[in-house]
Amino acid sequence: MTWVLFRKHLYAPLLVIVFGAALTAVWLAPEERRLIVALIAIVALLAPGFIGRMLLRDLLASRALINAGAYEQALGAAQRFLSDLQRRPWIRHAIWTQYGVYTLSVEAMASNNGGAALLELKRFAEARVMLEHARQADPAYPIPIYNLAVIAKLEGDETESQLLISEAAARGFAGGQLDAIVQAVGEAYARLATPRSNA
């Protein structure tokens, strides 16, 4: 079973079991200890996510900045995270406190986010390097493959773009809906092929 399938099909039931166990512990606790057990359960459920967000701050910021259209800042955040990961490789384990659909490799995520920011900045050669790094960090991660398909399309290599789209779909991108991926590549192409105004 791939990570994509695990996250899409088993992660939610696993969360229900964990939360159910916490609620059961509170419910089964003696009346006089129920408040203490509830507080311990709340801390046990929330603390890992908070700590994970602190450790993965620049990784999470890089994605949010891309979504906000702040591509230079997103690239900086992704590069800071990759640099931090070199100094403190143990932070890669903080991903277990977060929710990600396609990969558990924070190196692959940060490289993809940096590549996506460079793609939006139309710095295709640099984007390709970061996206290939993401692909090497986790070969099953479909998002950098999708981004490479956009670059191929922008550079006029329709055959390569279609091959990459098929590869991304085979790895679970967009639930395997090839038409949705093709549409998304077309939209990205239209957006990126339009010259930016300096206004």
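Summarised in this report is the structure supplied together with it. None of these values were measured; they are calculated from a predicted model. Each chain carries its own residue numbering, running from 1 in the direction its sequence is written. Two thresholds apply to this predicted model, a pLDDT of at least 70 for residue-level local features and 80 or more for giving and counting side-chain atom pairs, whereas whole-chain, interface and lining totals are computed over all residues. Side-chain numbers come from the whole structure's heavy atoms, not from hydrogens or water.

## Notes on the packing of helix α7 (residues 124-137) against helix α8 (residues 142-154)
Here an angle of 0 to 180 degrees is reported between the N-to-C directions of two axes, which are lines fitted to C-alpha atoms, with helices fitted over the stretch in contact. Secondary structure elements are defined from DSSP: runs of H or I of at least 4 residues count as helices, runs of E of at least 2 residues count as strands, and each element is numbered from the N terminus. Running from amino to carboxyl end, α7 crosses α8 at an angle of 155°, the nearest separation of the two axes being 9 Å. Taken together, the axis directions place α7 and α8 in an arrangement best described as roughly antiparallel. In terms of crossing hand, the pair formed by α7 and α8 is left-handed. Contact residues: α7 offers Phe124, Ala127, Arg128, Leu131, Glu132, Ala134 and Arg135, while α8 offers Pro144, Ile145, Asn147, Leu148, Ile151 and Leu154. Small angles under 35 degrees read as roughly parallel and large ones over 145 as roughly antiparallel, with 65 to 115 read as roughly perpendicular and the rest as oblique. Handedness of a crossing follows from how the near helix is turned relative to the far one, being left-handed for an anticlockwise turn of less than a right angle and right-handed for a clockwise one. Note on definitions: a residue-residue contact is assigned when non-hydrogen atoms from the two residues lie within 4.5 Å.

## Notes on α7
An ideal rise of 1.5 Å per residue puts 20 Å on 14 residues; α7 measures up with 20 Å between its terminal C-alpha atoms. All of the buried residues along α7 are Phe124, Ala127, Met130, Leu131 and Ala134. One side of α7 carries all its buried residues, which in axial view fall inside an arc of 125°. When the buried face of α7 is taken as reference, the exposed residues oriented beyond 90 degrees from it are Ala125, Val129 and Gln136. In the core, the buried residues of α7 are packed alongside α5 (71-87), α6 (106-120) and α8. Expected helix span is given by 1.5 Å per residue-to-residue step, counting one fewer step than there are residues. In this scheme, a residue with accessible area under 20% of its type's maximum is buried, one over 50% is exposed, and one in between is partly exposed, where area comes from a 1.4 Å probe on protein chains only. Think of it as the arc spanned by the lines of direction from the helix axis to the C-beta atoms.

## Some thoughts on unusual backbone geometry
For lysine 122, which is not glycine, the phi torsion reads 65° and is therefore positive. Within the fold, lysine 122 resides in the loop between α6 and α7.

From the geometry alone we can't say anything about function, so treat these as descriptive.
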